2 protein chains.
Amino acid sequence: MLNKKRLLTPGPTPLPEEVRLALAQDMIHHRKSRFKEIMQRVQGHLRELFGTTQPVLPLSCSGSGAMTAAVYNLFAPGEKVLVAEAGKFGERWVEIARSRGLECTVLSAPWGRAVKAGDVAAALDADPDIRGVLIQMSETSTGVLHPVREVAAVTRTRNVLCVVDGISGVSLSPCPMDQWGVDCLVTGSQKGLMLPPGLALLALSARAWDKAEKTGTGCFYFDLCRERDNVLKNQTRFTTPVNLIVGLDVSLKMLLAGGLDAVYRKQWALTLFTRAAVRAMGLELLAPENFAWGITSVLLPEGVDGNEVLRLAAEKHGVYMAGGQDQLKGRIVRIGHMGWVDWADVAAGLYALDRSIVDAGGYIGARNYLEQGLAVYRAALDVAPGTPVSCPAVR
Amino acid sequence: MLNKKRLLTPGPTPLPEEVRLALAQDMIHHRKSRFKEIMQRVQGHLRELFGTTQPVLPLSCSGSGAMTAAVYNLFAPGEKVLVAEAGKFGERWVEIARSRGLECTVLSAPWGRAVKAGDVAAALDADPDIRGVLIQMSETSTGVLHPVREVAAVTRTRNVLCVVDGISGVSLSPCPMDQWGVDCLVTGSQKGLMLPPGLALLALSARAWDKAEKTGTGCFYFDLCRERDNVLKNQTRFTTPVNLIVGLDVSLKMLLAGGLDAVYRKQWALTLFTRAAVRAMGLELLAPENFAWGITSVLLPEGVDGNEVLRLAAEKHGVYMAGGQDQLKGRIVRIGHMGWVDWADVAAGLYALDRSIVDAGGYIGARNYLEQGLAVYRAALDVAPGTPVSCPAVR
């Protein structure tokens, strides 16, 4: 009774009441006119969100399903791709590409750092047979934001498709597909879109559609050309997760009501808040620069067990955060501040982190990290999203 | 305001209030203990429902995704399978099998009829290289129940896997996997399970697991062996549709509260009710025998347009039913009576069918089809599910 439960994981994320009530509505049939009207409205809003005039396909699968669909439809066995890898989801691109029989060149950066667009360009110059670059917008396992805009500028002038995993990126920071020249953008319902998991979204550029039409698909379930034929009629090829589409209709209206700039502004401000407060605590950030706008990875002090910190934060403070994966297991805490999360939720997360590190035997020196963080938050709300703010003096 | 909306389609189906409230709950994280507890309980209930000691895997996809997963994991390119086809979903097995590079022998029956187990046996005898039989439990496009028990009796003594699409069958009529010797059973959330679409369920027999381990998978997203490793730890490989799992926990409790026999008894009685009333109206049933327990296909009188009947039923009576597909387009109405549907909903559907046929220019002679149907319904509730009842005199 003391604490509410607060979900500060990098997906799934909390659900707004409006969305929850929509999810609870009785079922409607996916082949009837009422559903088609919803699909049409959702389609318009999704194109605005993705920044594209192309259809955005809803797929009944997790984000990894949409990543599979992208690779299997865009590249035929034997083709070469370059994977920009700096975390667990970069590795997933490699796994998927190899399962399709692709030749895979891996351009790695240390976990916590972003790949460099210049290195991508050099790799493409070194091997002109490469037909695609697979990259994350936000690498969820580290909290790094890869330079998708710069990478797309490299690929768009070449016969190379830029395929972007935007699962923990879309609706958290900008990725206007058409303007940047991104060829494929995928996302999932359970991050910035403020929905339960179970729905993935995928869009292709005109040249990616040309490639998909020639390539065929390696998996019956993921046939993007047939999906597109249906979406253009406000339908889906198979039975779609109807209540998630109904919920998406509501969440997109909420997101777009104040314009996308307001969405990104909030995400930017929450991110700077979190980072400033963590630094004020005397803790290190895993991603010193090139950081995602929906997740902050905090390096724990030497000797403090990450699993114990997570357990204490959940049990004593009701705050659910995520730990590190693979090489980062036990060493970091990942704070999700995506979607239906506001500054007070983040403050609760920061306080829970502080207290749980202390209870786990660590040392936290700072006493006014919340005030310092909130000063940055206020300043960040007044600048264009993405603009650095210097840490104002706390009044 | 005159009529409530009633969804009598063969999936998606109406949602109980208990399920809808569960779907509306705020998100929980799929890697935390609270979710694992739910998964564990759900897993026990699913095994009871499927009649198996093997794990039942929840997959984030539509039913067709689970059909794809079954074929891709159980058979390697070049292997031979027999498809028992008597409708649109039989044809889907063929499409999926061919997309996997399988050699496909198609044993067809007319749409509206069931395939015969004897014909399956003869086909297997004629070609001993066949390694699998793909069949529907209930063919949703026609409302036919195929003889899965008898087909499994044929396959279990041979080196042939019996792969069953139970999407509109499971939890509507019995298919105890282990007892019958079914090697693979798949279903979807949006039929008898009284949930929105977006979650598929799949179980394999011990010998099917052996085959899957040797076969590998043709699609990264559908790797049943890796899914099983996760399910045995009350986890899923990828992010699962969390709120559907939470809803499934509730719907399984509802279904199993009175025992599976009570579920099948209700479905049997609703089916006999519908069939008796339709006959009393002077209409023909598409499936004269071997009928599914969750859907009834009604042949429309000559000259009556099925699309018009569906439109009138929806607009004037609030009843949503389904039409025919492909060769049956415009010629039949499919009444779904699956899951969260009771006799009064069915009565509303029958009345809407009667009035809409008349309004579309057809003739309905009978005046007491509801009373006749309900007399059969009452009688059917008193016998073991599946036992024929003679039409009692209406008092």
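Residues numbered from 1 in each chain as written. Chains lettered and ligands numbered in written order. Predicted model: local features only at pLDDT ≥ 70, side-chain atom pairs only at ≥ 80, totals over all residues. Heavy atoms only, no water.

## What to know about the overall build of chain A
A tally of helices and strands in chain A yields 14 helices and 15 strands. A compact globule built from 395 residues would reach a C-alpha radius of gyration of about 21 Å, and chain A, at 21 Å, matches this within 12%. Its C-alpha atoms put chain A at 60 × 55 × 35 Å along the principal axes. Looking at chain A as a whole, 65% of its 395 residues qualify as buried. At a minimum sequence separation of 6, the contacts of chain A that also span at least 24 residues come to 72%. Total accessible area on chain A stands at roughly 14000 Å², and carbon and sulfur atoms take up 50% of it. The average position of the 43 basic charges and that of the 39 acidic charges among the side chains of chain A differ by 3 Å. (Helix = DSSP H or I, 4+ residues; strand = E, 2+ residues; numbered from the N terminus. Rg over C-alpha atoms; globule rule 2.2 N^0.38 Å. Buried < 20%, exposed > 50% of the residue type's maximum accessible area, 1.4 Å probe, protein only. Contact = heavy atoms within 4.5 Å. Areas by Shrake-Rupley, 256 points an atom, 1.4 Å probe, with all protein chains shown as cover. Lys, Arg positive; Asp, Glu negative; His and termini not counted. Charge placed at Lys NZ, Arg CZ, Asp CG, Glu CD.)

## Let's talk about the interface of chain A and chain B
Contacts between chain A and chain B engage 49 residues on the former and 49 residues on the latter. Between chain A and chain B lies a buried interface of about 3700 Å² when both sides are counted; carbon and sulfur atoms form 64% of it. Across the chain A-chain B interface, the total number found is two salt bridges. Residue B:Arg226 pairs with A:Glu95 through a salt bridge whose shortest N-O separation is 3.0 Å. Where chain A meets chain B, there are 16 residue pairs in polar contact (both at pLDDT 80 or more). (Buried area = accessible area lost by both parts, 1.4 Å probe. Salt bridge = Lys/Arg side-chain N within 4 Å of Asp/Glu carboxyl O. Polar contact = N/O pair within 3.5 Å; in protein donor to acceptor, adjacent residues only side chain to side chain.)

## Details of the sheet that holds strand 15 (residues 332-336) of chain A
Residues and elements named next belong to chain A. Taken in spatial order, the four strands line up as 11-12-15-14 in an open sheet, and their pairing is antiparallel. The strands lining the two open edges of the sheet, one partner per strand, are strand 11 (284-285) and strand 14 (322-323). Alignment of strand 12 (residues 295-299) against strand 15, held across five bridges, turns out to be antiparallel. Across the sheet, the residue bridging to Ser 297 is Arg 334, located in strand 15. (Pairing = 2+ DSSP bridges.)

## Quick notes on the UniProt feature "modified residue: N6-(pyridoxal phosphate)lysine" (unreviewed entry) in chain A
Residue and element names in this part refer to chain A. Per the UniProt annotation, the sites labelled "modified residue: N6-(pyridoxal phosphate)lysine" (unreviewed entry) are Lys 191. Within the secondary structure, Lys 191 sits in the loop between strand 9 (184-188) and strand 10 (200-204). Not counting the four nearest positions on each side in its chain, Lys 191 is found in contact with Pro 10, Gly 11, Thr 13, Thr 140, Ile 167, Ser 168, Met 338 and Gly 339. (UniProt positions renumbered as here; feature names shortened; annotations may be inferred.)

## Describing the packing of helix 11 (residues 260-280) of chain B against helix 14 (residues 369-381) of chain B
Residue and element names in this part refer to chain B. Between helix 11 and helix 14, the least distance of the axes is 8 Å, while the angle of their chain directions is 150°. One finds that helix 11 runs roughly antiparallel with respect to helix 14. Here helix 11 and helix 14 pass one another in a crossing that is right-handed. Taking contact as the criterion, the partners of Arg 265, Lys 266, Trp 268, Ala 269, Leu 270, Leu 272, Phe 273, Ala 276, Ala 277 and Ala 280 in helix 11 are, on helix 14, Tyr 369, Leu 370, Gln 372, Gly 373, Leu 374, Val 376, Tyr 377, Ala 380 and Leu 381. (Axes fitted to C-alpha atoms, helices over the stretch in contact; angles between N-to-C directions. Parallel < 35°, antiparallel > 145°, perpendicular 65-115°, else oblique. Left-handed = near helix turned anticlockwise from the far one by under 90°.)

## Overview of the domain arrangement of chain A
All names here are of chain A. If you check the domain split of chain A, you get domain 1 (6-12 + 260-382) and domain 2 (31-257). Distance from the C-alpha centre of domain 1 to the C-alpha centre of domain 2: 28 Å. At the interface, 26 residues of domain 1 touch 29 residues of domain 2. Across the domain 1 to domain 2 interface the summed buried area is about 2300 Å²; carbon plus sulfur atoms make up 65%. It is Leu 260, Tyr 264 and Gln 325 that lose the most area in domain 1 upon contact with domain 2, and together they represent 22% of the buried surface on that side. In this structure, the salt-bridge partner of Asp 326 is Lys 88, at a minimum N-O distance of 3.3 Å. Our count for the domain 1 to domain 2 interface comes out at six residue pairs in polar contact (both at pLDDT 80 or more). Looking at the side of domain 1 that touches domain 2 element by element, the count peaks at four residues for helix 11 (residues 260-280). (Domains from an automatic or database assignment.)

## Things to note about the pairing of strand 12 (residues 295-299) of chain B
Residues and elements named next belong to chain B. The buried fraction of strand 12 is high, at four of five residues. In terms of strand pairing, strand 11 (residues 284-285) meets strand 12 through two bridges, oriented antiparallel. Along strand 12, the bridge assignment pairs Glu 284 with Leu 299.

## Concerning the packing of aromatic side chains
Given two aromatic rings, one states the distance between the centres and the angle between the planes to describe the pair. Evaluation of the coordinates by the stated rule reveals 15 aromatic pairs over all chains. For the ring pair A:Phe222 and B:Tyr221, a centre distance of 5.6 Å and an interplane angle of 65° mean the geometry is edge-to-face. With A:Phe222 in the loop between helix 8 (206-215) and helix 9 (224-231) and B:Tyr221 in the loop between helix 8 (206-215) and helix 9 (224-231), this pair bridges two chains. Residue class for A:Phe222 comes out buried when judged on its relative accessible area of 2%. Take B:Tyr221: its relative accessible area is 4%, and that puts it in the buried class. Relative to B:Phe291, the ring of B:Trp268 lies with its centre 5.7 Å away and its plane at 15°, an arrangement referred to as stacked. Here the residue B:Trp268 occupies a position in helix 11, and B:Phe291 occupies one in the loop between strand 11 and strand 12, the gap between them amounting to 23 residues. By relative accessible area, which is 16% here, B:Phe291 ends up buried. A connected cluster of aromatic rings, assembled from ring pairs, spans A:Phe220, A:Tyr221, A:Phe222, A:Phe238, B:Phe220, B:Tyr221, B:Phe222 and B:Phe238. Its guanidinium or amino end placed over the ring of A:Phe220, A:Arg237 lies 4.6 Å from that ring's centre, counting from NZ or CZ. Positioned over the ring face of B:Phe291 is B:Arg275, at 3.7 Å from the centre of the ring. (Phe/Tyr/Trp six-rings, centres within 6.5 Å; stacked < 30°, edge-to-face > 60°. Lys NZ or Arg CZ within 6 Å of the ring centre and 35° of its normal.)

## Observations concerning unusual backbone geometry
A negative phi angle is the norm for most residues apart from glycine, just as the trans form is the norm for most peptide bonds. Residue and element names in this part refer to chain A. In this chain, Gly 11 is followed by Pro 12 through a cis amide linkage whose omega measures -5°. In this structure, Pro 12 sits in the loop between strand 1 (6-7) and helix 1 (17-23). Of note in the backbone geometry, Ser 171 takes a positive phi value of approximately 75° without being a glycine. Mapped onto the elements, Ser 171 comes out in the loop between strand 8 (161-165) and helix 7 (177-180). A relative accessible area of 2% places Ser 171 in the buried class. Notably, Asp 326 is not glycine yet its phi reads approximately 50°, a positive angle. By the secondary structure assignment, Asp 326 is in the loop between strand 14 and strand 15.

## So, the side chain of B:Thr271
Here B:Thr271 shows up in helix 11. Sequence-distant contacts of B:Thr271, that is, excluding residues within four places in its chain, are made with B:Phe291, B:Ala292, B:Trp293, B:Gly294, B:Thr296 and B:His337.

## Description of the relation of the copies chain A and chain B
For the pair chain A and chain B, the best superposition has an RMSD of 0.0 Å and corresponds to a rotation of 180° with a translation of 0.0 Å parallel to the axis. Taken together, the rotation and translation relating the two chain copies correspond to the operation of a two-fold axis. A shared binding surface is used by both copies, with 100% of the interface residues of chain A retained as interface residues in chain B. (Least-squares fit on C-alpha atoms with pLDDT ≥ 70 in both.)

## A word on the sheet that holds strand 3 (residues 80-85) of chain B
What holds strands together in a sheet is hydrogen bonding between their backbones, with the strands either parallel or antiparallel. All names here are of chain B. If you trace the seven strands from one edge of the open sheet to the other, you get 2-10-9-8-5-3-4, paired in mixed fashion. Looking at the sheet topology across the chains shown, the edges are occupied by strand 2 (56-59) and strand 4 (103-108). Looking at each pair of strands side by side, their axes are set apart by 20° on average, direction ignored. Examined bridge by bridge, strand 9 (residues 184-188) and strand 10 (residues 200-204) share five bridges and lie antiparallel to one another. Within strand 10, the residue paired with Thr 187 across the bridge is Leu 201. Contacts from helix 6 (residues 148-155) reach strand 5 (130-136) and strand 8 (161-165), with the element oriented near 175° to strand 5.

## Some points on a positive patch on the surface
Residues A:Lys329, B:Arg31, B:Lys36 and B:Lys233 make up a contiguous surface patch of positive charge. When you line up the elements, A:Lys329 lands in the loop between strand 14 and strand 15. We classify A:Lys329 as exposed; its relative accessible area is 59%. (Patch = residues over 30% accessible without salt bridge, like charges linked within 9 Å, V, L, I, M, F, W, Y side chains within 5 Å.)

## Digging into the environment of B:Gly112
In this structure, B:Gly112 sits in the loop between strand 4 and helix 5 (117-126). Between the C-alpha atoms of B:Gly112 and B:Ala287, which are 175 residues apart in sequence, the distance is 4.6 Å.

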